[in-house]
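Okay, here's what each chain looks like letter by letter:
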Amino acid sequence: MTTTFIEENNNYVMRLEGRLDTSASSQAEREMQVLYNCAGHDIILDCSGLEYISSSGLRIFLAVLKNANKNKSKVTITGMNDDLRQVFDEIGFTNLFHFE
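Below you will find a few notes about this structure. (Residues numbered from 1 in each chain as written. Predicted model: local features only at pLDDT ≥ 70, side-chain atom pairs only at ≥ 80, totals over all residues. Heavy atoms only, no water.)

## Thoughts on the overall build of the chain
And step 1. Helix and strand counts for the chain stand at 3 helices and 5 strands.
And step 2. Listing every helix and strand of the chain by position from the N terminus yields β-β-α-β-α-β-α-β.
And step 3. Across its three principal directions, the C-alpha atoms of the chain cover 30 × 25 × 20 Å.
And step 4. Counting every position in the chain, which comprises 100 residues, the buried fraction comes to 44%.
And step 5. For the chain, the proportion of contacts with a sequence separation of at least 24, taken over those separated by at least 6, is 63%.
And step 6. For the chain, the accessible area works out to roughly 5,400 Å², and carbon and sulfur atoms hold 41% of it.
And step 7. Measuring between centres, the 9 positive side-chain charges of the chain sit 9 Å from its 14 negative side-chain charges. (Helix = DSSP H or I, 4+ residues; strand = E, 2+ residues; numbered from the N terminus. Buried < 20%, exposed > 50% of the residue type's maximum accessible area, 1.4 Å probe, protein only. Contact = heavy atoms within 4.5 Å. Areas by Shrake-Rupley, 256 points an atom, 1.4 Å probe, with all protein chains shown as cover. Lys, Arg positive; Asp, Glu negative; His and termini not counted. Charge placed at Lys NZ, Arg CZ, Asp CG, Glu CD.)

## Observations regarding the pairing of strand E1 (residues 2-8)
And step 1. Alignment of E1 against strand E2 (residues 11-20), held across 7 bridges, turns out to be antiparallel. Pairing of threonine 2 across the sheet is with glutamate 17, part of E2.
And step 2. Connecting E1 to the antiparallel partner E2 that follows it, the hairpin turn spans 2 residues, and asparagine 9 within it adopts a positive phi of roughly 50°. (Pairing = 2+ DSSP bridges.)

## Quick look at helix H3 (residues 82-91)
And step 1. For H3, the N-terminal capping position is held by asparagine 81, with its side-chain oxygen 3.0 Å away from the main-chain nitrogen of aspartate 83.
And step 2. Following H3 by one or two positions, glycine 92 has its phi on the positive side, about 85°. (Polar contact = N/O pair within 3.5 Å; in protein donor to acceptor, adjacent residues only side chain to side chain.)

## Some remarks on the packing of helix H1 (residues 22-32) against helix H2 (residues 55-70)
And step 1. For the pair H1 and H2, the least separation of the axes is 9 Å and the interaxial angle reads 15°. As summarised for this structure, H1 and H2 are arranged roughly parallel, according to the angle between their axes. For the pair H1 and H2, the sense of crossing is right-handed. Contacts from Thr22, Ser25, Ala28, Glu29 and Met32 of H1 reach H2 at Ser56, Arg59, Ile60 and Val64.
And step 2. Among the residues making up the contact of H1 with H2, the classes are represented as 4 nonpolar, 3 polar and 2 charged. (Axes fitted to C-alpha atoms, helices over the stretch in contact; angles between N-to-C directions. Parallel < 35°, antiparallel > 145°, perpendicular 65-115°, else oblique. Left-handed = near helix turned anticlockwise from the far one by under 90°. Nonpolar A, V, L, I, M, F, W, Y, C, P; charged D, E, K, R; others polar.)

Encoded structure:
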């Protein structure tokens, strides 16, 4: 699992690559905490390189969303493949996040 953080067009962008499974979630969560201080910035989670997400990874996405909501920021998920999108549909996350 690899994460890359950049600031682009006044947005915080986190690119995720690989498998966000239980073994990778602790490190990914630490790396994604930079998104928690997003006041004044919207967040883009670029999932174009994400192959798999476990319940631990889903919990991280929810934590990012919760902090963004507190800061009145928007979270958009981009590049999600059909398999991951189906997981988000089945658990109701498509109603929580914006997708592009």
